[in-house]
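As a plain string of letters, each chain reads:
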Amino acid sequence: GNYTSVWSHWDTTYDYAGARAFVQIVDFGNQTINSHDVIYYAKVDNSNHFWMTANHGYMWAQKMVAGVVTQVGSTITLDQNAHRWWGIRESGGTIYYCTSPDGYTWTDQWSVANPFGTTMFFPQFTSGNWDNEASGSYAVFDNFNTVAHTAAASLSVTATPTATLSKPSGFT
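Structural notes, computed from the coordinates.

Description of the overall build of the protein chain
No. 1: If you tally the helices and strands in the protein chain, you get 0 helices and 12 strands.
No. 2: Shown N-terminal to C-terminal, the secondary structure of the protein chain runs as helices and strands in the order β-β-β-β-β-β-β-β-β-β-β-β.
No. 3: Here the protein chain holds 172 residues, and 41% of them are scored as buried.
No. 4: When contacts within the protein chain are restricted to residue pairs at least 6 apart in sequence, those whose partners lie at least 24 apart make up 61%.
No. 5: On the protein chain, roughly 9600 Å² of surface is accessible, and the fraction owed to carbon and sulfur atoms is 50%.

Here's the deal with the pattern of salt bridges
Side chains that differ in charge, positive against negative, can pair when their charged atoms come close.
No. 1: Scanning all chains against the criterion turns up 1 salt bridge.
No. 2: Between aspartate 108 and arginine 89 there is a salt bridge whose closest N-O contact spans 2.7 Å. One end of the pair, aspartate 108, is in strand β10 (residues 107–113); the other, arginine 89, is in strand β8 (residues 85–91), and 19 residues separate them in sequence.
No. 3: Exposure remark for arginine 89: the relative accessible area of 12% places this residue in the buried category.

A look at the pairing of strand β5 (residues 48–55)
No. 1: Buried residues dominate β5, accounting for 8 of its 8 residues.
No. 2: The alternating pattern of β5 places Asn48, Phe50, Met52 and Ala54 and His49, Trp51, Thr53 and Asn55 on opposite faces, both of which are buried.
No. 3: For strand β4 (residues 36–45) and β5, the ladder comprises 8 bridges, and the chain directions are antiparallel. Bridge pairing in β5 places valine 38 opposite alanine 54.
No. 4: Summarising the sheet, β5 and strand β6 (residues 58–65) pair through 7 bridges and their orientation is antiparallel.

Some points on unusual backbone geometry
With the exception of glycine, most residues fall at negative phi, and the peptide bonds are largely trans.
No. 1: With a phi angle near 50°, histidine 56 is a residue other than glycine that sits in the positive phi range.
No. 2: With respect to the helices and strands, the residue histidine 56 is situated in the loop between β5 and β6.
No. 3: Overall, the relative accessible area of 33% leaves histidine 56 in the partly exposed class.
No. 4: Its identity as a non-glycine residue notwithstanding, alanine 66 has a phi of 50°, on the positive side.

Conventions we followed
Along each chain, numbering runs from 1 in the same order as the chain's sequence is written. Totals for whole chains, interfaces and linings use every residue, but because this is a predicted model, local features are given only for residues with pLDDT of at least 70 and side-chain atom pairs only at 80 or more, for both listing and counting. Excluding hydrogens and water, the side-chain values take into account all heavy atoms of the structure. Secondary structure elements are defined from DSSP: runs of H or I of at least 4 residues count as helices, runs of E of at least 2 residues count as strands, and each element is numbered from the N terminus. The rule is simple: take the accessible area with a 1.4 Å probe, protein chains only, and divide by the maximum for that residue type; under 20% is buried, over 50% is exposed, in between is partly exposed. The criterion used for residue contact is that any of the two residues' heavy atoms lie within 4.5 Å. Note on areas: Shrake-Rupley with a 1.4 Å probe; residue coverage comes only from the protein chains shown. Salt bridge, as used here, is a side-chain nitrogen of Lys or Arg placed within 4 Å of a carboxyl oxygen of Asp or Glu. Paired strands, in this sense, are two strands between which DSSP finds at least two bridges.

Here you go:
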């Protein structure tokens, strides 16, 4: 069959180093259709990328390195509420695929060492059917954003006078 889909593409890359790029899946589409995919990619190029997929009520993560596809970890059951937000992040040379019910509290579902030597990726979102179906279905993505991970820091300030003020002439 043909892959009928809707996809987004940016020419702008994002630096995922110590950061998370995430998107809300507002509607997963018809997950009873066998060939209906919902996919979030973080791409270096067409031969090197990471992605998360929801299909027929399940969810998994994959990577492609030099055109070779490998599944990361095991397949999990899709929970359309608990997995409402999808994120991909990098920390210390590891890529984490994570989910969230609200965009604030995140659960790492899978992780893999970053094989690319770069943290510059461009996002892509895809939804569609990879086989001929009686009816089609598409997901709805919203609220794509990035956030840097920051460490807690303390700041101490000491004020030191650097000038002496004097009255202008004529003032008493």
